[in-house]
Number of protein chains: 4
Amino acid sequence: MNVIGVGVIGVGYWGPKHARNFAEVRGSRLAMVADLDERRLSAMRDRHPGLRTTTQHREMLESPGVDAVVIATNASTHVRLAREALLAGKHVLVEKPIAVSGQDAEELIQLAECSGLTLMVGHTFLYHPAVRALHDIVQSGELGEIYYAHAQRLNLGQFQRDINVLWDLAPHDLSILMYVLGMNPIGVAARGSAYVQAHIEDVGYVDLTFPNRIRAQIHVSWLDPNKVRRLTIVGSQKMVVYDDVETLEKLRVYDRGVDAPPHTDTFGEFQLSYRYGDITIPSLPSTEPLRVECEHFLECIRTGRRPLTDGWHGLHVVRILELADASLRDGNASLPRLEADHRLLVSGSR
Amino acid sequence: MNVIGVGVIGVGYWGPKHARNFAEVRGSRLAMVADLDERRLSAMRDRHPGLRTTTQHREMLESPGVDAVVIATNASTHVRLAREALLAGKHVLVEKPIAVSGQDAEELIQLAECSGLTLMVGHTFLYHPAVRALHDIVQSGELGEIYYAHAQRLNLGQFQRDINVLWDLAPHDLSILMYVLGMNPIGVAARGSAYVQAHIEDVGYVDLTFPNRIRAQIHVSWLDPNKVRRLTIVGSQKMVVYDDVETLEKLRVYDRGVDAPPHTDTFGEFQLSYRYGDITIPSLPSTEPLRVECEHFLECIRTGRRPLTDGWHGLHVVRILELADASLRDGNASLPRLEADHRLLVSGSR
Amino acid sequence: MNVIGVGVIGVGYWGPKHARNFAEVRGSRLAMVADLDERRLSAMRDRHPGLRTTTQHREMLESPGVDAVVIATNASTHVRLAREALLAGKHVLVEKPIAVSGQDAEELIQLAECSGLTLMVGHTFLYHPAVRALHDIVQSGELGEIYYAHAQRLNLGQFQRDINVLWDLAPHDLSILMYVLGMNPIGVAARGSAYVQAHIEDVGYVDLTFPNRIRAQIHVSWLDPNKVRRLTIVGSQKMVVYDDVETLEKLRVYDRGVDAPPHTDTFGEFQLSYRYGDITIPSLPSTEPLRVECEHFLECIRTGRRPLTDGWHGLHVVRILELADASLRDGNASLPRLEADHRLLVSGSR
Amino acid sequence: MNVIGVGVIGVGYWGPKHARNFAEVRGSRLAMVADLDERRLSAMRDRHPGLRTTTQHREMLESPGVDAVVIATNASTHVRLAREALLAGKHVLVEKPIAVSGQDAEELIQLAECSGLTLMVGHTFLYHPAVRALHDIVQSGELGEIYYAHAQRLNLGQFQRDINVLWDLAPHDLSILMYVLGMNPIGVAARGSAYVQAHIEDVGYVDLTFPNRIRAQIHVSWLDPNKVRRLTIVGSQKMVVYDDVETLEKLRVYDRGVDAPPHTDTFGEFQLSYRYGDITIPSLPSTEPLRVECEHFLECIRTGRRPLTDGWHGLHVVRILELADASLRDGNASLPRLEADHRLLVSGSR
């Protein structure tokens, strides 16, 4: 099979990492890089001598040596660039969020499906060994009945110009929760506050309802002194904590359950039996998530297989964010009740 | 001055600690202990040889050697017992919550004020050196403008028969927040779920609005694998984390602030300047909070001074809990909007 | 069986804890307390109303109501008081170290054996659930071949008047290592420095050689900013860390081993295969070690059974400390080589 | 000034990092890379398209485009390669240890001085912002009189074929201690054990004596389950802990001191006054140490300035390691006493 030529549009934070991976991975070569900032291009040429660069992304889209395009620009430009790339016949790997509206995301999905091109969204966490292991633990049923989940993604900065903290940080946890639980939320509500910049929320809470009475809360902040990336999933039998700030011990499985009391009518001593058991910290492979993601993208291009983080996955995340934003705008202090037509009827949508 | 005779009603978890303190502190003696369970009384006699015990709390209330009564029974019995004790002319230290309805709490306050007796509520955390230091830091203004607070009080159990997790755990954080911020909330909303026992929520979130746009969330749970007791207060200049699970390093002051960008119309480089500074862990005295609380109670009895955690403080906590409960019942998945008449107009009420 | 009357000599730090336990445990009663300091006795009477106290320990030894005596005084007085108590026909539980010379310890052992009295040493850690579990793990063989152990017991203070840091802190780790490994050391060397007080070492290192090439180092200090109590045992298959500063997660078993390369003569690629495996944190019961120790003492008195921490265990600890002290005095900067006659030939000594 | 052409010999673990830095830094260019393994060279060409590579390092030494050479091969080959490079007129940056014997190191120093070439050793930690800050804290005198230091550098693997754990890991701590304390040790003793491979110690302890009665111990291991990189320096006024495993909070300054008791003759209450004070975690810049090292190397070449980690620094480290090795071989169980002629008389040697 031929080597796939990859171009990268936008070499700010994520772009150079994509570029490095596609330069190193077997089966692809880094064909070209585009950015509006000539200094960034110059830095990329230092790192990749001989690399072709341009400030005109159209030059890349017209280049026959470019088979696939990575879009790693500001969120608001994702749709326009992805549309152009698909129309130019390029496979597309677009950074999350796929778009800032569900309608735009749907258009991209349709465009990719009609043209038979691969469209993948960079929800990198789903290629992280800890998230894979978390998924397997939850899906194995060893936690018992899933009760609820709680996620925190807090740090100081990075402030964004064009999106609020929900759009910046919550996509990670939404994507992880949907993948790990194997279902999409059916209810969303959100609350947030803008402290540092007017009208751009820097602290937010998203409440999610999943089928089977499963609830989840996602707490995101650009204003916290500590870097926190923690997801707790509580089941009737066991509980798991995924702490991404830990270097080695990212997952902890607690064999601590609670048995509900039998529903008797006696007035005897109230007893809930606790089972405090061992804690296990499973060993994880040390693969780089972005490397796995890039290899998955190349494989999907070659085989026509649907990516794990395809356009639909990206669309669901965007729809939830849209609803969360609407919820956040509606009402000053508290969360609005979800209307029936706000519910995400996404199960079975694929 | 005469030694104050103290009786303790209820010697389950907290009662014995009160008993020990009043037995050891100068200026008081442990006069009597009452409990319905004869085995508990027997255990108390082993620990305090010669101690007078009874299964009839009325016997204590009629005893002239008892000047003050500690009520450390189930929450639902607080009001009845406190009322009886006040009517019998005893000073009262009642465990939190003071009552399970604001109306009941108000009655107790009135009763104590009319009879000139001391009524104090066992919001022990306000006598904790870390909370005192936190209060001083916040009130000194060194955090800058207060933006928001986030509290988590999570653990596995203890399940309660008669109250949900909000009533069990949130009083601590409500009490601490009101004391540390020096103000009462003006808006409340809550959300919760009952997993293990039907109709008794074991996971809950309380959203609070304070004056000056200050927001706070309290997350409480009986279902978490880890014991978490963490309160973060974020200001424009500095941030503080109070982690009560830490043995020695309970407070951390982060000199990390964010400066908002000037509101210009230029399209130049977006810049938020971060100031990452030192972290300070202040040294704290190692006094036992309950000891300080007991001594404060004795001093208030002697001087007629109003306790820091008087009936009004207890009442505010109960009112917020009532509103939170109402909010939690109203609506299945999301938080109801607060009606104007739900707002707590408590500032200046003292 | 009759209730055993227990007297406590010395109610500084440990004495009151013994007193409380023997007052609460079934099968014993706290009969009397002795201390030279009348204020301490007064504080004990406050806690235990009606308790008989004395500044003359002989009064206790002559009392027929006292069957057993706990000696919780300064280390240098242990032997004299224990001897008197045994001669008066009392069973003895003496705090560690049993004596400050091996000869003294031997005399006490002989005295107790001749008179048929129980002599036990307060090496409390051997009654700690974490140490019990550590013992079981090591003895089960699941660690593979034991390679080496490393112990750190560091904190700021408490400075002692009459003994150096080796005698103050190392007895804990010596006792634990001998119990957990199931063997006594055959070689000792030590090094230390006196910084704050002349001639009283406040930092020390003890190097131990056990049979089967097992090595251990114990690092003790009164001068460290952090409180550290950590014991690591490394085997060929697994490794265990016992961290006593952790509240709940005291033991961690690492399934990380190293396989030695086969000894071939080829010049091929050098390969040591690492097995990084899961980490397990076993659940431990939450029993109070001192409570278990007190109950074990009572049981040994009743049954004539030999205590786990009998005089011989205490003697071995003292002999190692004597050798360590000798090693520390001999040579200014480095550790002296152990002479053959310095070796502890203690295996099989019971 | 002309751009300096840099060649890298050995592209296993460290070499590629040097290559990347010299490719990116202003003022240098990556001219050539040499390795015996063609696969490694191929990987380097993937990363640096157009890069000249060779399996014959002599080709590099003869190339006029190469002004300076980085030697990142196995320790045993350092001297031979550095000698050849210096004789070929190239500036040399050699990885630590500079050599495996002091005599060899001295030869390199002489060679560089005669030829006016820059000779630098890759003791990277001295370019780490945390070590720089630690140096400034210690040298400022705020710790008071320095008492002792304790260093631990523990992990599982990496096993080396040609050197033991002392030569592998201790150079870091030796280099840091000498730099931070501003003095060289005057006494050395060591102890170690070989468990996994015969005759190659995988656990070792080095005891150091510095002037002014300052003592230090370095504990290194390839066999520990946890990755530990911790250095504690205890002074009479304050104490510092440098924990390199921490991501952000690498330095902690403890304002906890101990005041010695006045030397009185009274028999009154023994009192050592402790001052428990605040803990400070200073903010550190996030510069990459290797980047700073590379820039320092280039600057020294240009200005003729003596590098911070020059040949003498490397020589001192090697001499201490030689003595430690000798001490370790002499005596089976314990540490030999240092002979007078073993002392390192290195102060003032520059």
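Presented here is a report on the structure given in the accompanying data block.

Rules behind the numbers
Residues numbered from 1 in each chain as written. Chains lettered and ligands numbered in written order. Predicted model: local features only at pLDDT ≥ 70, side-chain atom pairs only at ≥ 80, totals over all residues. Heavy atoms only, no water. Pairing = 2+ DSSP bridges. Helix = DSSP H or I, 4+ residues; strand = E, 2+ residues; numbered from the N terminus. Contact = heavy atoms within 4.5 Å. Axes fitted to C-alpha atoms, helices over the stretch in contact; angles between N-to-C directions. Phe/Tyr/Trp six-rings, centres within 6.5 Å; stacked < 30°, edge-to-face > 60°. Buried < 20%, exposed > 50% of the residue type's maximum accessible area, 1.4 Å probe, protein only. Lys NZ or Arg CZ within 6 Å of the ring centre and 35° of its normal. Salt bridge = Lys/Arg side-chain N within 4 Å of Asp/Glu carboxyl O.

Notes on the sheet that holds strand 4 (residues 68–71) of chain A
Residue and element names in this part refer to chain A.
- Across the sheet, which stays open at both edges, the six strands sit in the order 3-2-1-4-5-6 with parallel pairing between neighbours. Among the strands making up the open sheet, the edge pair consists of strand 3 (53–54) and strand 6 (119–122).
- Bridge analysis of strand 1 (residues 4–9) against strand 2 (residues 28–34) gives six bridges, and the strand direction is parallel. Paired with Ile9 across the bridge in strand 2 is Ala34.
- On top of the sheet, helix 8 (residues 289–303) reaches strand 1, strand 2, strand 4, strand 5 (91–95) and strand 6; it is set at about 155° to strand 5, its chief contact.

Points about the packing of aromatic side chains
- A complete count under the given rule lists 16 aromatic pairs over all chains for this structure.
- With 6.1 Å between their ring centres and 15° between their planes, Tyr148(C) and Tyr195(D) make a pair best called stacked. Pair noted here: Tyr148(C) is in strand 7 (residues 146–156) and Tyr195(D) is in the loop between strand 8 (187–193) and strand 9 (203–209), and the two residues belong to different chains. An identical accessibility class is assigned to Tyr148(C) and Tyr195(D); each is buried.
- Measuring from centroid to centroid gives 4.9 Å for Tyr195(C) and Tyr147(D), while their planes differ by 20°, and the two rings are stacked. Of this pair, Tyr195(C) sits in the loop between strand 8 (187–193) and strand 9 (203–209) while Tyr147(D) sits in strand 7 (residues 146–156), each in a different chain. For the pair formed by Tyr195(C) and Tyr147(D), the shared burial category is buried.
- Above the face of the Tyr13(A) ring, Lys17(A) is positioned so that its terminal group lies 4.8 Å from the ring centre.
- Directly above the aromatic system of Trp14(B) lies the positively charged group of Lys96(B), at a separation of 4.9 Å from the ring centroid.

Brief notes about the pattern of salt bridges
- Here the structure, examined in full by the defined rule, presents 92 salt bridges over all chains.
- Note that Arg26(A) is salt-bridged to Asp46(D), the shortest N-O span being 3.9 Å. One end of the pair, Arg26(A), is in the loop between helix 1 (15–24) and strand 2; the other, Asp46(D), is in helix 2 (residues 38–47), on a second chain.
- Assessed through its relative accessible area of 69%, Arg26(A) is described here as exposed.
- Look at Asp46(D) and you get partly exposed, because its relative accessible area is 30%.
- In this structure, Lys250(B) and Asp244(B) form a salt bridge, with 3.4 Å as the shortest nitrogen-oxygen distance. For the pair shown, Lys250(B) and Asp244(B) are each scored as buried.

No statement about biological role is implied by the geometric values presented.
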